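Letter by letter, the chains look like this.
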Amino acid sequence: MSLQKLARELDETARQTASMLEGISEALELLAEKQLSKDPTVHEAVQLIITALQGQDRIEQRCHNMALAVRQFALLPPTAPDSVYDEIWASLTLDELRVPSLSGIAAHQVHGEAELF
């Protein structure tokens, strides 16, 4: 797979996760109805959905950042030193992408929420 194709696939992954939000937003609107919103269980469910949506936002941002890095990698000559690759990687906005010790750290923590990474 070419690096450009990989970047397109990352963009498509971000687009698909963003389109999921339409259905989830509709469910939230139903849960927010006055009669339902008084139920503490419904309130808790809404909070869990909001937390998951925040995770989706991070996934979308992560995909866009990786696609950008892949496009930059594709432009480099084969003789480019590792330091150039490291500089591109370090320019990404999400800390867990830039710091190896943080990469995927959410999957290793006990936090009682859905594991997104």
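Residues numbered from 1 in each chain as written. Predicted model: local features only at pLDDT ≥ 70, side-chain atom pairs only at ≥ 80, totals over all residues. Heavy atoms only, no water.

## Regarding the confidence of the model for the chain
Reasoning step 1: Model confidence for the chain is summarised by a mean pLDDT of 78, while 78% of its residues fall at 70 or above.
Reasoning step 2: Confidence scores differ between elements of the chain, with helix H5 (residues 95-98) showing the lowest mean pLDDT of 49 and helix H4 (residues 82-90) the highest of 91.
Reasoning step 3: In this model residues 105-112 is a low-confidence stretch, pLDDT under 50, and it forms four contacts with partners more than four residues away in sequence or in other chains. (pLDDT = per-residue confidence, 0-100. Helix = DSSP H or I, 4+ residues; strand = E, 2+ residues; numbered from the N terminus. Contact = heavy atoms within 4.5 Å.)

## Focus on the pattern of salt bridges
Reasoning step 1: Scanning all chains against the criterion turns up two salt bridges.
Reasoning step 2: Across the salt bridge formed by aspartate 11 and arginine 71, the nearest N and O atoms sit 2.6 Å from each other. Residue aspartate 11 is found in helix H1 (residues 3-31), and its partner arginine 71 is found in helix H3 (residues 40-75); the two are separated by 60 residues along the sequence.
Reasoning step 3: Note on arginine 71: relative accessible area 28%, which makes it partly exposed.
Reasoning step 4: Its salt-bridge partner being glutamate 12, residue arginine 15 comes within 2.5 Å of it at the nearest N-O pair. Residue arginine 15 and its partner glutamate 12 are located together in helix H1, separated by three residues, close to a single helical turn.
Reasoning step 5: Here arginine 15 falls in the partly exposed class, since its relative accessible area comes to 48%. (Salt bridge = Lys/Arg side-chain N within 4 Å of Asp/Glu carboxyl O. Buried < 20%, exposed > 50% of the residue type's maximum accessible area, 1.4 Å probe, protein only.)

## Thoughts on the packing of H1 against H3
Think of two packed helices as two axes; the pair is described by the angle between the axes and how far apart they sit.
Reasoning step 1: Running from amino to carboxyl end, H1 crosses H3 at an angle of 165°, the nearest separation of the two axes being 9 Å. Classified by the interaxial angle, the pair formed by H1 and H3 is roughly antiparallel. Where H1 crosses over H3, the two elements pack in a sense that is left-handed.
Reasoning step 2: When grouped by side-chain class, the residues that make up the contact of H1 with H3 number 23 nonpolar, five polar and four charged. (Axes fitted to C-alpha atoms, helices over the stretch in contact; angles between N-to-C directions. Parallel < 35°, antiparallel > 145°, perpendicular 65-115°, else oblique. Left-handed = near helix turned anticlockwise from the far one by under 90°. Nonpolar A, V, L, I, M, F, W, Y, C, P; charged D, E, K, R; others polar.)

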